[in-house]
Amino acid sequence: MTSPAKPAPLTAPRIRTPALDPLLTLGVVAFIAALVRAAFFTPPDAAQGMAQKILYIHAPSAFTALYLACGLVFICSGLWLWLKDERLDRMADASAEVGLAFMTVVLITGPLWGRPIWGAFWTWDAKLTSSLFLWFVLLGYQILRGAVEEPQARARFSAVLGILAGCLVPFIHLSVYLFRTLHPMPVVLKPSAPSMPNEMLVSFVFSMSAITLLFAGLLRARYRLATDRAELEHLEARR
Amino acid sequence: MPPDLLSAALIIARKDLAIEFRTRSAFFSVVVFSLLAIAIFYFAFDPTAVSSADLAPGVLWVTFAFGGLLGLHRSFGVEQAEGAMDALLSSPIPRESIFLGKAAANLVFVLAVQAIAIPGVVLFYNVGGGMVWLTIAGVTILAAIGMVAVGTLFSSVVVNTRLAELLLPLLALPFFVPIVTSAAQATLQLLSGHGATPAANWLKLLAAYDLVFVAACTWIYPHSLDA
């Protein structure tokens, strides 16, 4: 009687990630430096006092989440439908999750500023409402991904949601013009020249770059995690 | 010769409506749900603080969104039994027709529910308005088109997931926000006698939403299926 042939031993994937991710480390250091500069080396606002300093985190995070992360999800989802490359799906997955983290930062820092300035943590203003619903869409995206086991189907469904979410954003933005808004209008990223003192502007540009760098670092780390997960799924499927 | 896009869609829509007409299970459940929701909302607010006429548009459109979700889930749910979906996919019709047919059947379903829910709101909330309700019927059609486009697509996606019906509201409700907001604001403007001008912007938003999402969902539906 012969024992059944043993399957070939599974080899552990090679560990490629160094102990300290240089891009992520740079992002974290730049972010801390930007915080220090904003807190201690930038004059407080004449009207809003110290509360205004939250701008240095809030606005760059909103920019990163809205335009970089959601833009990437939209572009990668669209390209996935065309090219069916699993790397695009991983990129969409990674940017959606990092975007969700930055959107959470936006939704936490906003009320912290709103309380002393507006007298309320939350108002149902158009920008707040649209950020909240975008956050829900990103959350739904994560839950949808978690609810589909088969990688191809998961990629397909999340690409569909990614593209439709991209179509939804302009409609949510349109409501900004139809609702009366309490939210401050952009002071830096607007068609005319930035209406901000030079010192504040330098701090703002600094924290903008730092947060973009942090986003890039987190995105790359999360993308690698997605690759490792896919590799693990392959290995488990072989077992 | 296989039928073209629209006539194939019509066949699918007639099939779905025939199933619904013969069983009527979903229709009555959703109608009863809508009437119950309208009644419950009344007691959830203090009628001495907010006049019931001011409350009516919000209640109407929130009920519309939730009732719609209940009905929409069945759209692809009924095709799960005995491999009906595979049969549908292997039939010689464009896949866009399956989507358009399902969406058309859902549109009839949602409008039929609204045909009972709107008089329910008028009755329970004691709102006047008279001929204005004809314009509101137009708002309902615009709102329903956008809602069934997105809802039908998500219904086809969620039946293939582990969470199934739990996931539909989670995915679809953020997409219903512009619809519910626009429809409720337009209804409020129309009922408060400000005339059609303030409501017109909201109606334009609704119409644009319909155009974009009917086109996007029809185009994307075949991509959501297994090649």
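This one's a predicted model, so the numbers in the text were calculated from it and none came from an experiment.

Q: So what exactly am I meant to see when it comes to the overall build of chain B here?
A: Tallying secondary structure elements over chain B gives 8 helices and 0 strands in all. Counting from the amino terminus, helix and strand elements in chain B follow one another as α-α-α-α-α-α-α-α. Scaling as 2.2 N^0.38, a compact globule of 227 residues should have a C-alpha radius of gyration of about 17 Å, and chain B matches this with 18 Å. Across chain B, contacts joining residues at least 24 apart in sequence account for 82% of those joining residues at least 6 apart. As displayed, chain B has an accessible area near 10,200 Å², and 71% of this comes from carbon and sulfur atoms. In chain B, the 9 positive side-chain charges and the 12 negative ones have mean positions that sit 5 Å from each other.

Q: I'm lost on the confidence of the model for chain A in this one. Help?
A: Low pLDDT means the predicted coordinates in that region are not meant to be read closely. Per-chain confidence: chain A averages 85 in pLDDT, with 84% of residues scoring 70 or above. Looking across chain A, the model is least confident in helix α5 (residues 151–178) of chain A, with a mean pLDDT of 85, and most confident in helix α3 (residues 86–118) of chain A, with 93.

Q: In this structure, what is going on with the interface of chain A and chain B? I would like to understand it.
A: Quoted interface sizes are often the accessible area lost when the parts come together. Listed as interface residues are 25 residues of chain A and, on the opposing side, 31 residues of chain B. Taking both sides of the interface into account, the surface hidden between chain A and chain B amounts to around 2,600 Å²; carbon and sulfur atoms contribute 84%. When residues of chain A are sorted by the area they lose upon contact with chain B, Leu164, Phe171 and Leu178 of chain A head the list and together hold 25% of the total. One can count 2 salt bridges joining chain A with chain B. Note that Asp226 of chain B and Arg156 of chain A form a salt bridge whose closest N and O atoms lie 3.7 Å from each other. Linking chain A with chain B are 5 residue pairs in polar contact (both at pLDDT 80 or more). When residues of the side of chain A that touches chain B are traced back to their parent elements, those giving at least two are α4 (126–146) and α5 of chain A. Ranked by residue count, the leading element in the side of chain A that touches chain B is α5 of chain A, at 13 residues.

Q: Explanation requested: the pattern of salt bridges in the structure shown.
A: Side chains that differ in charge, positive against negative, can pair when their charged atoms come close. All names here are of chain A. Counted according to the given criterion, the structure contains 16 salt bridges over all chains. Measuring nitrogen to oxygen at the nearest pair gives 2.9 Å for the salt bridge that ties Arg220 to Asp21. With Arg220 in helix α6 (residues 198–238) and Asp21 in the segment before α1 (22–40), this pair connects stretches of sequence that are 199 residues apart. In this structure, Arg145 engages Asp93 in a salt bridge whose closest nitrogen and oxygen atoms are separated by 3.5 Å. Of the two residues, Arg145 sits in helix α4 while Asp93 sits in helix α3, which places them 52 residues apart along the sequence. Here Arg145 falls in the buried class, since its relative accessible area comes to 9%. Connected via shared salt-bridge partners are Asp89, Asp93, Glu97, Arg145 and Arg222.

Q: Looking at this structure, how should I read unusual backbone geometry?
A: Backbone geometry follows two general trends: most residues other than glycine have a negative phi, and most peptide bonds adopt the trans configuration. Of note in this structure, Lys84 of chain A is not a glycine but carries a positive phi near 55°. Mapping Lys84 of chain A onto the fold places it in the loop between α2 (55–83) and α3.

Q: Hey, could you run me through α1 of chain A in this one?
A: In an α-helix, one full turn covers 3.6 residues, which means residues spaced three or four apart are oriented alike. Residue and element names in this part refer to chain A. Along its 19 residues, α1 runs 27 Å from first to last C-alpha, staying within 8% of the 27 Å computed at 1.5 Å per residue. Within the sequence span of α1, burial applies to Gly27, Ala30, Ala34 and Ala38. Buried residues along α1 cover an arc of 70° about the axis, so they all sit on one side. Facing away from the buried side of α1 by over 90 degrees, the exposed positions are Pro22, Val29 and Phe40. Packing partners of the buried residues in α1 comprise α2 and α6.

Q: Sorry, what's going on with the side chain of Gln142 of chain A here?
A: Position of Gln142 of chain A relative to the elements: it lies in helix α4. In contact with Gln142 of chain A, other than residues within four places in its own chain, are Asp93, Ala96, Glu97 and Leu100 of chain A.

Q: Where do I start with the nonpolar core in this structure?
A: Note that soluble globular proteins tend to have their nonpolar side chains buried in a common cluster. Grouped together as the largest cluster of nonpolar side chains are 105 residues, with contacts concentrated most on Leu164 of chain A together with Trp61, Phe154, Phe175, Phe176 and Phe213 of chain B. Tallying contributions element by element places α5 of chain A first for this core, with 13 residues. Apart from the residues lying within four places of it in its own chain, the contact partners of Phe175 of chain B are Leu161, Leu164, Ala165 and Leu168 of chain A together with Val150, Phe154, Tyr209 and Phe213 of chain B.

Q: Can you walk me through the packing of aromatic side chains in this structure?
A: Pairs of aromatic rings are described using the distance from one ring centre to the other and the angle between the two planes. For the structure shown, the criterion picks out 17 aromatic pairs over all chains. For the pair Phe27 of chain B and Phe109 of chain B, a centre-to-centre distance of 6.1 Å together with 85° between the ring planes defines the contact as edge-to-face. Here Phe109 of chain B lies in helix α5 (residues 95–124) and Phe27 of chain B lies in helix α2 (residues 25–44), a separation of 82 residues in the sequence. Both residues of the pair, Phe27 of chain B and Phe109 of chain B, count as buried. Between Phe76 of chain B and Tyr221 of chain B, the aromatic rings sit 5.9 Å apart at their centres with planes inclined by 35°, giving tilted as the arrangement. With Phe76 of chain B in helix α3 (residues 52–77) and Tyr221 of chain B in the segment after α8 (196–220), this residue pair connects regions lying 145 residues apart in the sequence. Judged on exposure class, the residue Phe76 of chain B and its partner Tyr221 of chain B are both buried. The structure contains a cluster of three or more aromatic residues connected by ring pairs, namely Phe171 of chain A together with Phe154, Phe175, Tyr209 and Phe213 of chain B.

Q: Help me out: how do you make sense of the packing of α2 of chain A against α3 of chain A in this one?
A: What describes two packed helices is the angle between their axes and the distance between those same axes. All names here are of chain A. Put simply, α2 and α3 touch, their axes get as near as 8 Å, and they point 160° apart. Considering their axes alone, α2 and α3 lie roughly antiparallel with respect to each other. Handedness of the α2/α3 crossing: left-handed. Here the contact of α2 with α3 is composed, by residue class, of 18 nonpolar, 8 polar and 2 charged.

Calculation rules
Residues numbered from 1 in each chain as written. Chains lettered and ligands numbered in written order. Predicted model: local features only at pLDDT ≥ 70, side-chain atom pairs only at ≥ 80, totals over all residues. Heavy atoms only, no water. Helix = DSSP H or I, 4+ residues; strand = E, 2+ residues; numbered from the N terminus. Rg over C-alpha atoms; globule rule 2.2 N^0.38 Å. Contact = heavy atoms within 4.5 Å. Areas by Shrake-Rupley, 256 points an atom, 1.4 Å probe, with all protein chains shown as cover. Lys, Arg positive; Asp, Glu negative; His and termini not counted. Charge placed at Lys NZ, Arg CZ, Asp CG, Glu CD. pLDDT = per-residue confidence, 0-100. Buried area = accessible area lost by both parts, 1.4 Å probe. Salt bridge = Lys/Arg side-chain N within 4 Å of Asp/Glu carboxyl O. Polar contact = N/O pair within 3.5 Å; in protein donor to acceptor, adjacent residues only side chain to side chain. Buried < 20%, exposed > 50% of the residue type's maximum accessible area, 1.4 Å probe, protein only. Expected span 1.5 Å × (residues − 1). Arc of directions from axis to C-beta. Core = buried A, V, L, I, M, F, W, Y, C linked by side-chain atoms within 4.5 Å. Phe/Tyr/Trp six-rings, centres within 6.5 Å; stacked < 30°, edge-to-face > 60°. Axes fitted to C-alpha atoms, helices over the stretch in contact; angles between N-to-C directions. Parallel < 35°, antiparallel > 145°, perpendicular 65-115°, else oblique. Left-handed = near helix turned anticlockwise from the far one by under 90°. Nonpolar A, V, L, I, M, F, W, Y, C, P; charged D, E, K, R; others polar.

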